[in-house]
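# Analysis of the macromolecular model
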Amino acid sequence: MGQALIGGLLDSGWPPDQITVIDTDPSTGSLLEKNFPQCRICAQAGSAPASAQAVVLAVKPQVIRLVCEQISAHYQSTRPLIVSIAAGTMVRDIGAWLGEEFPVVRCMPNLPVLVRCGTTGLFAGPDVSETQRVLAESILASVGFTLWLEEETLLDAVTAVSGSGPAYFFFLIEAILEAGQSLGLSADQARQLTVHTALGAARLVEQGDQDPHALRRAVTSKGGTTEAALEILEQEGVKKIFAAAIRSAAQKAELLSRSATSPTNNNSSDANK
Ligand SMILES: NC(=O)c1ccc[n+]([C@@H]2O[C@H](COP(=O)([O-])OP(=O)(O)OC[C@H]3O[C@@H](n4cnc5c(N)ncnc54)[C@H](OP(=O)(O)O)[C@@H]3O)[C@@H](O)[C@H]2O)c1
């Protein structure tokens, strides 16, 4: 995720000499030097400029507490904006591990950031200024669509809808292309037809002035092929199954956030998995 963000920032015109990457693992450091030769790569926060406007925490939730404690002293006098993408880790915990009063934005991106087509929900903690909101948004917007949430608890819904969302669409694509193959299409034909249909349908919803329900009605002629398929989906309660699945993901996200904040935690949650 960190590398996707760096790539997005560079593609959107951020000067590479303004980007410093910190990774404690020497082998990852070498890979970063190869992938981003114009950026500065450091093995510890102490070697990075404390004057940074923003520090992005793109580490696993298991290590974020340790990382906050490691960088806290270095950034104490400058207090840059902290942008965390760690799943299930709350703003107040990050603030407490850093030593309070750091401006913290918590984000929930998703996997398509790898192709600059991500979807990210953002929540700003109490000490974040308007300028810092704009900065956080511009970092995540370099890899896709962004949406601000006014309540942190809504990030559980974001996790369930867009964080885990790519997997629902992968599942649907898998089901449709398998069905296509069972009708005699080759694997490649079924894949191309399904993927392009998914892209086209998403684009119509995104750009058109009709909602998905109206679009669905528009492509369903009385007594036609689409109606025959949709009748089966209705009969089998597919909408209800999706509602239950997404509710279950949101409940899991809430549980993982709560366990990550409990006083006995070792912060081992990973809500995006
Ligand atoms: N992947 C997703 O789809 C997704 C979606 C939403 C949110 N997220 C969140 O994004 C975060 C990163 O996920 P990821 O999948 O990109 O994980 P990842 O591939 O493991 O990347 C984490 C990076 O942080 C490095 N790191 C570990 N400890 C460090 C330290 N003390 N100081 C500096 N760097 C350190 C790791 O190095 P090593 O490899 O040497 O450990 C690794 O390069 C997670 O918190 C996850 O919850 C991920």
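Whatever comes next refers back to the structure up there.
In what follows, the accompanying structure is described. As the structure is a computational prediction, the values presented were derived from the model and not from experiment. (Residues numbered from 1 in each chain as written. Predicted model: local features only at pLDDT ≥ 70, side-chain atom pairs only at ≥ 80, totals over all residues. Heavy atoms only, no water.)

If you walk across this open sheet you meet the 5 strands as β3-β4-β5-β6-β7, and the pairing is mixed. Of all strands in the sheet, those bounded by a partner on one side alone are β3 (54-57) and β7 (144-148). Within the sheet, the average angular offset between the axes of one strand and its neighbour, ignoring direction, is 25 degrees. Along the sheet face, helix α4 (residues 91-98) touches β3, β4 (81-84), β5 (104-108) and β6 (118-124) and points at about 135 degrees away from the line of β5. (Pairing = 2+ DSSP bridges. Helix = DSSP H or I, 4+ residues; strand = E, 2+ residues; numbered from the N terminus. Axes fitted to C-alpha atoms, helices over the stretch in contact; angles between N-to-C directions. Contact = heavy atoms within 4.5 Å.)

In this section: a nonpolar patch on the surface. A contiguous nonpolar patch, built from Leu111, Leu114, Val115 and Phe170 and spanning about 420 Å² of accessible area, is present on the exposed surface. Position of Leu111 relative to the elements: it lies in the loop between β5 and β6. (Patch = residues over 30% accessible without salt bridge, like charges linked within 9 Å, V, L, I, M, F, W, Y side chains within 5 Å. Areas by Shrake-Rupley, 256 points an atom, 1.4 Å probe, with all protein chains shown as cover. Salt bridge = Lys/Arg side-chain N within 4 Å of Asp/Glu carboxyl O.)

Within β6, 6 of the 7 residues are buried, leaving the element largely enclosed by the surrounding structure. Both β5 and β6 contribute to a ladder of 4 bridges, which runs antiparallel. Within β6, the residue paired with Cys107 across the bridge is Leu122. Pairing geometry for β6 and β7, over 5 bridges, is parallel. Looking at β7, one finds that Thr120 is bridged to Thr146. Crossover β6 to β7 through helix α5 (residues 130-141) is right-handed. (Buried < 20%, exposed > 50% of the residue type's maximum accessible area, 1.4 Å probe, protein only. Right-handed = clockwise from strand over helix to strand, strands pointing away.)

The quantities given are spatial measurements derived from coordinates; they are silent on function.
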